[in-house]
Amino acid sequence: MQSEHGHSPSALIAARIEKRWATLSVAIIVLLAAMAAFAGIHQATMPQARVETADPSTLHLSGEFIESNLGSAVEPDGSVTVRAIGQQYSFTPQCVVVPADTPVTLRATSADVVHGILIEGTNINTMLVPGYVSVMNARFKEPGDHLMPCQEFCGVGHEGMWGKVQVVDKDTFRAMSTDNRRLTCVK
């Protein structure tokens, strides 16, 4: 049996169902695009509540990121703060030591171009933008070494820009920190 247009009733039902699915698919795409646009606009108009800056041209001369202040340091509350600089094509310090199972705050910036810090085996993954201080909090569960490559292309030497985070037990870290104010694992 065929309809007046020469189509069977089952073909008409299939066509109606396909139109509904096509409409639903387009609606989902429009909704996702609207959500992405809203998130992008909201993030652009609502920046972080607290943005710290650092002058990249004077990082090595004064302030928080002078060379003698880089590396790991024990804070009065027992937490550890790591300060580092990314610059073409290295991290300073290249290797940092942190204690296991202790709150660690990583404060880093860039001296020249955009770099990235990715600490393998953790959720630390951020960009280092010249003029701004990136702050990340972490807690390393157990001793071990974590590679820290630059994951933002920063120039022709980018592939050689690697660092390391060495996690040691608390007693070892405590013993190391009694001898040095700032710790790195670079010999």
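Residues numbered from 1 in each chain as written. Predicted model: local features only at pLDDT ≥ 70, side-chain atom pairs only at ≥ 80, totals over all residues. Heavy atoms only, no water.

Novice: How should I be thinking about the overall build of the protein chain in this particular structure?
Specialist: Of the regular secondary structure elements, the protein chain holds 2 helices and 10 strands. Walking the protein chain from its N terminus toward its C terminus, one meets helices and strands in the order α-β-β-β-β-β-β-β-β-β-β-α. For the protein chain, whose C-alpha radius of gyration is 26 Å, the value lies well above the compact-globule estimate of 16 Å for 187 residues. Projected onto its principal axes, the C-alpha coordinates of the protein chain cover approximately 95 × 35 × 35 Å. Scored against the burial criterion, the 187 residues of the protein chain give a buried share of 33%. Taking the contacts inside the protein chain whose residues are at least 6 apart along the sequence as the reference set, 63% of them involve residues at least 24 apart. When the accessible surface of the protein chain is totalled, it reaches about 11,600 Å², and 59% of it is carbon and sulfur. (Helix = DSSP H or I, 4+ residues; strand = E, 2+ residues; numbered from the N terminus. Rg over C-alpha atoms; globule rule 2.2 N^0.38 Å. Buried < 20%, exposed > 50% of the residue type's maximum accessible area, 1.4 Å probe, protein only. Contact = heavy atoms within 4.5 Å. Areas by Shrake-Rupley, 256 points an atom, 1.4 Å probe, with all protein chains shown as cover.)

Novice: Just checking my understanding: could you explain the sheet that holds strand β10 (residues 162-168) for this structure?
Specialist: Strand order in this open sheet of 3 strands is β4-β10-β9, and the pairing throughout is mixed. Two strands bound the open sheet, and with one partner strand each, they are β4 (95-99) and β9 (144-149). This sheet shows a mean twist of 25 degrees between the axes of neighbouring strands, independent of strand direction. Pairing geometry for β4 and β10, over 5 bridges, is parallel. Within β10, the residue paired with Pro99 across the bridge is Val168. Against the sheet, helix α2 (residues 170-179) touches β4 and β10, its axis set at about 120 degrees to β4. (Pairing = 2+ DSSP bridges. Axes fitted to C-alpha atoms, helices over the stretch in contact; angles between N-to-C directions.)

Novice: Looking at this structure, how should I read the nonpolar core?
Specialist: One broad rule of soluble globular proteins: the nonpolar side chains tend to lie buried together. Residues Ile117, Ile119, Phe140 and Val165 are the most contacted members of the largest nonpolar core, which totals 29 residues. Of all the secondary-structure elements, those providing two or more residues to this core are β2 (80-87), β4, β5 (103-110), β8 (134-139) and β10. Not counting residues within four places of it along the chain, the set of residues in contact with Val165 comprises Val96, Val98, Ile119, Phe140, Gly144, Asp145, His146 and Met148. Listed in part, the 6 residues of the second largest apolar core include Ala54, Leu59, Leu70 and Val133. (Core = buried A, V, L, I, M, F, W, Y, C linked by side-chain atoms within 4.5 Å.)

Novice: Looking at this structure, how should I read the pairing of β4?
Specialist: Remember that side chains alternate between the two faces of the sheet whenever the strand is regular. Counting buried positions over the 5 residues of β4 gives 5, a clear majority of the element. Side-chain alternation along β4 places Cys95, Val97 and Pro99 on one buried face and Val96 and Val98 on a second face that is also buried.

Novice: Help me out: how do you make sense of unusual backbone geometry in this one?
Specialist: Across the chain, the bulk of peptide bonds are trans and the bulk of non-glycine residues have phi less than zero. With an omega of -5 degrees, the peptide bond between Gln88 and Tyr89 qualifies as cis. Here Tyr89 is to be found in the loop between β2 and β3 (90-92).

Novice: Got a minute to help me understand empty space enclosed by the protein in this structure?
Specialist: If you roll a probe as big as a water molecule over the atoms, it shows you where there is empty space left. For the structure on display, the rule yields 1 cavity of 30 Å³ or more. Considered as a void within the structure, the largest cavity measures approximately 50 Å³ in volume. Residue lining of the largest cavity: Val82, Val96, Val98, Val104, Leu106, Ile119, Ile124, Phe140 and Val165, and that is the complete set. Among the secondary structure elements, those contributing two or more residues to the lining of the largest cavity are β4 and β5. Looking at the lining of the largest cavity residue by residue, the classes come out as 9 nonpolar, no polar and no charged. (1 Å grid on protein atoms, 1.4 Å probe; cavity = no way out; pocket = protein on both sides within 12 Å on 5 of 7 lines; lining within 4 Å. Points joined across faces, edges and corners; volume = space filled by probe spheres on them. Nonpolar A, V, L, I, M, F, W, Y, C, P; charged D, E, K, R; others polar.)

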